[in-house]
Amino acid sequence: MIGADTPRPDVRAKITGTFRYSNDLEAPGMLYLATVRSPHAHAELGHIDATAAAAVQGFVCVLDSRHVPARRQPKALGEQPILAEGVVRFCGEPVALVVAATEDAAWQAAALIRVEYQPLPVLSDATTALAPGAPAVHPGGNLVRHLCLARGELSTGAPVEVEGRWEIGRQDPGFLGLEAALAVPGGDGGVTVRAATQDVCNDQRSIALQLGLEEHQVRVEHAGMGGAFGGRERITLQAHVALAALALGRPVKATYRRHESFVSHAKRHPGLIVLSLGATEGGEVLYARGRVLLDGGAYAPEPTSAVLGAVCYFLGGPYRIPAVDIQGDAVYTNNPISGAMRGFGAPQACFAVESTMDLLAARVGMDPVELRRRNALRPGDLFPTSGQLVPGPAPVREVIDACASIAMPPLPRREAGVRRGVGFALGVKNVLYGEGEPEWAQAEVVLDAHGAVVRSSAAECGQGALGVLTQIATAALDGIPATVPAGSTDDGYAGSSSASRQTWMSGSAVMAAAADVSAQLRILAARCFDVELEKVEIVDGQLRAPGRAATLAEVLGDQQLRAAATYRAPLTRRGDPLTGEGPVHAAWMFVAHRAVVDVDVELGSVRLVQMATAQDVGLAINPREVRGQMVGGSIQGFGFAVMEDLRCEEGVPLNDSFSDYLMPTAADGAEVVTVLVEQAEPQGPFGAKGVGEPPSISSTAAVVAAIRDATGRPLPRIPARPEDCVARALSPDPRR
Amino acid sequence: MEIEAVVNGVAMTLQCSMGTNLLCALRDAGVLSPKTACEEGRCGACSVLNDGAVVYSCLLPALACHGAAITTVEAGVAADLTEALVARGAVQCGFCTPGFVVTIEALLARYAARPLDDATVRAALSGNLCRCTGYEGLVAATLDVHLERTTVSS
């Protein structure tokens with residue numbers, strides 16, 4: 001039930017290997033698709049010659065942009081065509097599709113496709129994107145969004161001012177389950193696509209838009225997903241298999257290789273943030289002045305606009321700051337596409353804010369944790385950037401204190417050249433979409449003698465959404481067993497599994513539908529028992545009234561009860577165009593991390609000793625799964641701090657494999673001590689709020705702070721490379 | 001071409017060509033628990049037992065496995081390990097899980113009569129990537145089962 005460590009419904013199938021992923025899909029008579037990609041970051045696309053490819057045994061056809069049906073509405077500026085039209089804008093952009101009888105034949109034929117390119121000047125440095133004469137990525141210029149936040153009076157000449165210039169690398173979601181999808185043509189000119197996606201309805205809309213279909217002609221079903229972390233918000237190969245299946249009247253499957261996966265899904269936005277904090281001698285922050293530049297890559301303006309919003313709105317951290325002046329630009333480049341990744345801009349902002357807070361702590365001679373406590377937002381304060389009233393609960397001080405009071409690991413024996421460092425960071429992010437994005441979620445509960453089945457299209461990425469919905473349904477039905485099968489576009493709209501939102505959004509919809517069904521059931525039972533409705537209870541899945549009891553089957557017989565519900569998110573709006581002020585967020589999540597590292601200062605190698613974290617989670621529906629999010633996200637954040645960066649040269653990725661793009665292993669990881677700060681979110685189902693993103697927000701900044709503490713190096717860039725972490729051979733650490 | 005191998009105790013004929021790795025041959029034969037993820041021996045999602053030794057099946061030519069006994073989680077997962085993985089919350093997306101199970105069982109077999117500590121487990125599991133869990137549940141479940149098995153047997 002609520003608050004219990006109920007095992008997730010898919011766990012045993014995943015352990016025994018019977019759980020099926022999108023990669024395992026099959027259909028009778030299916031063909032295989034392989035993608036031909038641009039090796040250039042920016043080029044005019046010339047003739048595509050399939051002569052040699054056609055000679056491969058099993059070759060079926062090649063498709064390029066000329067085979068894509070006419071759209072029903074014009075392409076928006078910056079929107080990626082499913083196959084390049086005249087120009088390629090990033091290395092790896094799909095230019096043609098090859099379909100063959102076997103996967104090997106498809107790959108072999110794809111390698112034999114000859115494509116003519118006329119290279120164009122490459123815009124690879126986001127800092128030059130808005131300069132006069134910069135190569136234009138799109139006809140409308142390189143600016144995706146400019147955002148200006150201006151609140152309060154920026155006093156000139158605060159007693160203390162510190163400034164930092166913070167550079168952010170390119171983190172890849174790095175999910176293990178490669179992109180894969182199967183499209184099966186329907187009899188009506190439509191198509192069913194089975195794919196691993198964070199949002200079947202968004203995939204449906206995108207596929208229909210790109211292929212000139214009506215939405216009802218496209219069905220999308222969830223297939224098992226091997227992780228997402230934001231990287232499956234936009235379609236990648238879904239429209240390609242649909243196009244081929246419709247063109248050929250046969251089922252078509254595609255599975256990416258790892259290097260394709262790296263260039264296809266969105267990465268965390270790299271960028272540059274310059275942040276100044278003005279403060280009193282006592283460390284009270286008076287103002288924040290920030291300049292933000294994000295590299296959006298070649299396409300996809302919507303997520304980039306929203307991520308810029310997040311970076312700017314969280315550049316005041318969870319602090320009481322009376323005045324802010326923040327300006328941000330997000331630009332197009334010929335680099336890989338940036339977009340959603342766990343934390344959605346908040347980790348970048350957190351790195352800048354927390355690193356600058358540490359500069360301030362050093363300047364005013366205050367303990368970094370104490371500086372954060374003194375400036376922490378409290379209920380009744382105004383959010384520093386949007387000026388929104390922060391209602392309770394807002395346990396910022398609580399997460400600071402809970403994290404700071406976690407026991408430190410024992411000090412090790414002295415080792416020559418190894419120094420220990422401790423770093424602390426505080427993070428904040430909105431839960432739910434925000435900035436006026438329309439937001440709702442639907443669910444239906446169907447009850448029969450065997451129990452309840454919940455129909456929802458919410459995506460299970462591995463984060464446990466379906467388990468949480470199962471627990472919510474069972475609790476709202478007072479112990480009647482419920483199951484939540486993986487859904488499809490037939491199961492209503494749930495929105496994306498992102499923004500830490502499904503527990504709250506789909507959870508609320510499930511709760512409402514379940515409550516409706518529960519009321520219907522009690523009415524039936526009251527008739528059955530011939531008692532007043534108020535006397536009927538559901539206890540442990542049984543119907544009871546004073547002196548009476550009946551099973552579900554006895555009351556329902558062969559009847560079925562059903563109820564659908566739509567839950568609408570609290571309204572938000574885009575901020576004022578001049579000041580950014582307004583109700584831009586529905587609610588926030590707060591989190592603190594403390595990292596302890598050992599740094600070999602001669603080699604610059606960093607070992608994580610302990611990560612401690614406290615998180616504002618509302619009331620936990622399933623504490624074990626919440627801790628799972630906290631630990632996993634913290635280790636991802638550690639990866640971003642010290643190793644994860646998809647490096648590019650002139651737009652060409654240099655390390656697009658797991659040999660070269662390193663992610664933490666079990667040996668890199670360490671104990672993560674978690675504290676759940678549980679204060680009921682009044683608007684969330686059973687007091688819950690979101691939990692998925694905060695673990696990735698302040699973990700990175702805390703690790704970098706710990707390395708600074710150990711080495712004394714400024715570390716203005718994430719990830720910190722070994723050469724950044726080398727320090728002079730120091731005298732033995734006096735703290736040991 | 002084809003090879004004969006005993007897969008999870010059943011004699012099977014696996015189709016392959018010169019370049020086919022064991023992973024593809026197994027998956028083509030419907031043994032789907034080993035996963036394709038990096039294709040270059042870096043992530044361990046394709047780990048299987050080859051005559052009792054853990055191998056990355058993506059690196060092993062299928063032709064080299066003629067006559068071999070191949071074991072995957074389809075052969076069955078010990079109840080104690082299953083329950084420990086459940087109890088420790090060691091599974092999220094699950095894509096890496098079958099590979100981890102193979103690796104963990106081999107480690108537990110090597111340490112059946114020896115003490116096992118956190119650092120040893122972490123080193124032994126470092127050839128398998130997990131992007132979701134941060135490894136803590138996997139390490140803890142391994143130590144739980146080791147303790148249970150060594151306590152029972154001593």
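Scroll up a little and you will see the structure.
Quantities reported herein were computed from a predicted structural model and do not represent experimental measurements. (Residues numbered from 1 in each chain as written. Chains lettered and ligands numbered in written order. Predicted model: local features only at pLDDT ≥ 70, side-chain atom pairs only at ≥ 80, totals over all residues. Heavy atoms only, no water.)

Chemist: Looking at this model, I keep getting lost on the overall build of chain B. Mind explaining?
Modeler: Of the regular secondary structure elements, chain B holds five helices and five strands. Each helix (α) and strand (β) of chain B, taken in turn from the N terminus, gives the series β-β-α-β-β-β-α-α-α-α. Relative to the globule expectation of 15 Å for 154 residues, the C-alpha radius of gyration of chain B, 16 Å, shows essentially globular dimensions. Dimensions along the principal axes, computed over C-alpha positions, put chain B at roughly 45 × 35 × 20 Å. A total of 154 residues make up chain B; the buried ones form 55% of that total. (Helix = DSSP H or I, 4+ residues; strand = E, 2+ residues; numbered from the N terminus. Rg over C-alpha atoms; globule rule 2.2 N^0.38 Å. Buried < 20%, exposed > 50% of the residue type's maximum accessible area, 1.4 Å probe, protein only.)

Chemist: How should the overall build of chain A be read in this particular structure?
Modeler: For chain A, the helix and strand inventory stands at 15 helices and 29 strands. Across its three principal axes, chain A shows a C-alpha extent of roughly 80 × 75 × 55 Å. With 736 residues in all, chain A has 63% of them scored as buried. Counting contacts in chain A only where the partners sit at least 6 residues apart, residues at least 24 apart contribute 81% of the total. Summing over all exposed atoms, chain A offers an accessible surface of approximately 25,700 Å²; the carbon and sulfur share of this is 52%. Positive and negative side-chain charges in chain A, numbering 65 and 81 respectively, have mean positions lying 3 Å apart. (Contact = heavy atoms within 4.5 Å. Areas by Shrake-Rupley, 256 points an atom, 1.4 Å probe, with all protein chains shown as cover. Lys, Arg positive; Asp, Glu negative; His and termini not counted. Charge placed at Lys NZ, Arg CZ, Asp CG, Glu CD.)

Chemist: Looking at this structure, I do not really get the environment of Q388(A). What am I missing?
Modeler: All names here are of chain A. As for its placement among the helices and strands, Q388 is situated in the loop between helix 9 (368-375) and helix 10 (396-404). Here Q388 falls in the buried class, since its relative accessible area comes to 11%. Considered as a pair, Q388 and A586 are 198 residues apart in the sequence and their alpha carbons are 9.8 Å apart. For Q388, the contacting residues outside a window of four places in its chain are D381, L382, F383, G582, P583, V584, H585 and W588. In this structure the side chain of Q388 is engaged in a polar contact, spanning 2.8 Å, whose partner is the backbone oxygen of H585. (Polar contact = N/O pair within 3.5 Å; in protein donor to acceptor, adjacent residues only side chain to side chain.)

Chemist: Looking at this structure, I do not really get the interface of chain B and chain A. What am I missing?
Modeler: Many authors give the size of an interface as the accessible area that is lost as the parts come together. On the chain A side, the residues contacting the 41 residues of chain B number 50 residues. Summed over both partners, the interface of chain B with chain A comes to about 3,600 Å²; 57% of that surface belongs to carbon and sulfur atoms. A per-residue breakdown of the area chain B buries against chain A is headed by Q92(B), F95(B) and R131(B), which together make up 22% of the total. Here chain B and chain A share four salt bridges between them. For E644(A), the salt bridge goes to R131(B), with nearest N and O atoms at 2.6 Å. If you look at where chain B meets chain A, you find 27 residue pairs in polar contact (both at pLDDT 80 or more). Here the element with the most residues in the side of chain B that touches chain A is helix 2 (residues 79-87) of chain B; it accounts for five residues. Taken together, the residues of the side of chain B that touches chain A break down into 20 nonpolar, 10 polar and 11 charged. (Buried area = accessible area lost by both parts, 1.4 Å probe. Salt bridge = Lys/Arg side-chain N within 4 Å of Asp/Glu carboxyl O. Nonpolar A, V, L, I, M, F, W, Y, C, P; charged D, E, K, R; others polar.)

Chemist: In this structure, what is going on with the sheet that holds strand 1 (residues 2-7) of chain B? I would like to understand it.
Modeler: Residue and element names in this part refer to chain B. Taken together, five strands build an open sheet; the order of strands is 2-1-5-3-4 and the sheet is mixed. The outermost strands of the open sheet, each flanked by one partner alone, are strand 2 (10-15) and strand 4 (53-56). In this sheet, neighbouring strand axes are inclined to one another by 40° on average, regardless of whether the strands run parallel or antiparallel. Contacting strand 3 (47-50) and strand 4, helix 3 (residues 97-110) crosses the sheet at an angle of about 45° to strand 3. (Pairing = 2+ DSSP bridges. Axes fitted to C-alpha atoms, helices over the stretch in contact; angles between N-to-C directions.)

Chemist: Help me understand unusual backbone geometry, please; the structure alone is not making it clear to me.
Modeler: Glycine aside, residues mostly have negative phi, and peptide bonds are mostly found in the trans state. Cis geometry marks the peptide bond from G392(A) to P393(A); its omega dihedral reads -10°. Along the chain, the position of P393(A) falls in the loop between helix 9 and helix 10. Positive phi outside glycine occurs at N8(B), with the angle close to 50°. Along the chain, N8(B) falls in the loop between strand 1 and strand 2.

Chemist: Hey, could you run me through the layout of surface pockets in this one?
Modeler: Considered as a void within the structure, the second largest pocket measures approximately 1,000 Å³ in volume. Along the wall of the second largest pocket there are 31 residues; nearest its centre are E103(A), D104(A), C24(B), R27(B) and D28(B). Within the residue set of the lining of the second largest pocket, elements represented by two or more residues are helix 3 (103-111) and strand 12 (252-255) of chain A together with helix 1 (22-28) of chain B. Ranked by residues supplied to the lining of the second largest pocket, first place goes to helix 1 of chain B with four residues. Looking at the lining of the second largest pocket, its residues break down into 12 nonpolar, nine polar and 10 charged. (1 Å grid on protein atoms, 1.4 Å probe; cavity = no way out; pocket = protein on both sides within 12 Å on 5 of 7 lines; lining within 4 Å. Points joined across faces, edges and corners; volume = space filled by probe spheres on them.)

Chemist: Got a minute to help me understand the environment of A4(A) in this structure?
Modeler: Position of A4(A) relative to the elements: it lies in the segment before helix 1 (11-15). Sequence separation between A4(A) and L552(A) is 548 residues, and the spatial gap between their C-alpha atoms is 24 Å.

Chemist: How should I be thinking about a negative patch on the surface in this particular structure?
Modeler: Where like charges cluster on the molecular surface, the negative patch consists of E26(A), E103(A), D104(A) and D28(B). Examined against the element boundaries, D28(B) turns out to sit in helix 1. (Patch = residues over 30% accessible without salt bridge, like charges linked within 9 Å, V, L, I, M, F, W, Y side chains within 5 Å.)

Chemist: Quick question: what am I supposed to make of the pattern of salt bridges here?
Modeler: Residue and element names in this part refer to chain A. Tallying each qualifying case throughout the model produces 44 salt bridges over all chains. In this structure, R66 engages D64 in a salt bridge whose closest nitrogen and oxygen atoms are separated by 2.6 Å. What makes R66 exposed here is its relative accessible area of 65%. Salt bridges linked by common partners bring R8, D10, K14, E460 and E625 together as one network.

Chemist: What is the right way to read the environment of Q108(A) from this model?
Modeler: Residue and element names in this part refer to chain A. Locating Q108 in the fold gives a position in helix 3. Look at Q108 and you get partly exposed, because its relative accessible area is 49%. Sequence-wise, Q108 and F59 are 49 residues apart; in three dimensions their C-alpha atoms are separated by 9.2 Å.

Chemist: What should I look at first to understand the packing of helix 8 (residues 346-364) of chain A against helix 9 of chain A in this one?
Modeler: A pair of packed helices is captured by two measures, namely the crossing angle of their axes and the spacing between those axes. All names here are of chain A. At a closest axis distance of 9 Å, the pairing of helix 8 and helix 9 adopts a crossing angle of 110°. Here helix 9 runs roughly perpendicular to helix 8, going by the angle between their axes. Note on element contacts: helix 9 touches helix 8 through P368, L371, R372 and N375, opposite E354, M357, D358, L360 and A361. Looking at the contact of helix 8 with helix 9 residue by residue, the classes come out as five nonpolar, one polar and three charged. (Parallel < 35°, antiparallel > 145°, perpendicular 65-115°, else oblique.)

Chemist: Explain the nonpolar core here, please?
Modeler: The tendency in soluble globular proteins is for nonpolar side chains to be buried as a group. Residues and elements named next belong to chain A. By size, the foremost hydrophobic cluster in this structure holds 97 residues, and its most contacted members are L315, L360 and V703. In terms of residues, this core owes the most to one element, helix 8, which gives 10 residues. One finds A443, I472, V536 and L561 within the second-largest nonpolar core, a separate group that totals 49 residues. (Core = buried A, V, L, I, M, F, W, Y, C linked by side-chain atoms within 4.5 Å.)

Chemist: Looking at this structure, I do not really get the pairing of strand 25 (residues 605-616) of chain A. What am I missing?
Modeler: Successive side chains on a regular strand alternate, one facing one side of the sheet and the next facing the other. Residue and element names in this part refer to chain A. Among the 12 residues that make up strand 25, nine are buried, leaving the element largely enclosed by the rest of the structure. Both strand 24 (residues 587-600) and strand 25 contribute to a ladder of 10 bridges, which runs antiparallel. The residue bridging V599 from the neighbouring strand is V606, located in strand 25. The turn joining strand 24 and strand 25, which pair antiparallel and follow one another in sequence, is formed by four residues; a positive phi near 75° is taken by G604. The pairing of strand 25 with strand 28 (residues 671-677) spans seven bridges and is classified as parallel. Opposite A612, over in strand 28, you have V673 as the bridge partner.

Chemist: Which parts of the structure should I look at to understand the sheet that holds strand 29 (residues 717-718) of chain A?
Modeler: Residues and elements named next belong to chain A. The strand order across the open sheet formed by six strands is 7-15-14-13-8-29, and the pairing between neighbours is mixed. Looking at which strands have only one partner, the edges of the open sheet turn out to be strand 7 (143-151) and strand 29. Taken together, the nine bridges between strand 14 (residues 285-295) and strand 15 (residues 323-331) define a ladder with parallel strand orientation. By the bridge assignment, R291 is partnered in strand 15 with Q327.

Chemist: Even after reading the chapter, I still don't get helix 8 of chain A, so can you show me in this structure?
Modeler: An α-helical turn contains 3.6 residues, so a residue and the one three or four places further along point in the same direction. All names here are of chain A. For helix 8, built from 19 residues, the straight-helix expectation of 27 Å at 1.5 Å per residue is met to within 8% by its first-to-last C-alpha distance of 26 Å. For helix 8, a buried count of 16 out of 19 residues is recorded, marking the element as mostly surrounded by other parts of the structure. Once helix 8 ends, the next one or two residues include G365, with phi positive near 70°. (Expected span 1.5 Å × (residues − 1).)

Chemist: Is there a simple way to explain the pairing of strand 2 of chain B in this structure?
Modeler: Strand direction decides the pairing type here: strand 1 of chain B and strand 2 of chain B, joined by six bridges, are antiparallel. By the bridge assignment, I3(B) is partnered in strand 2 of chain B with L14(B).

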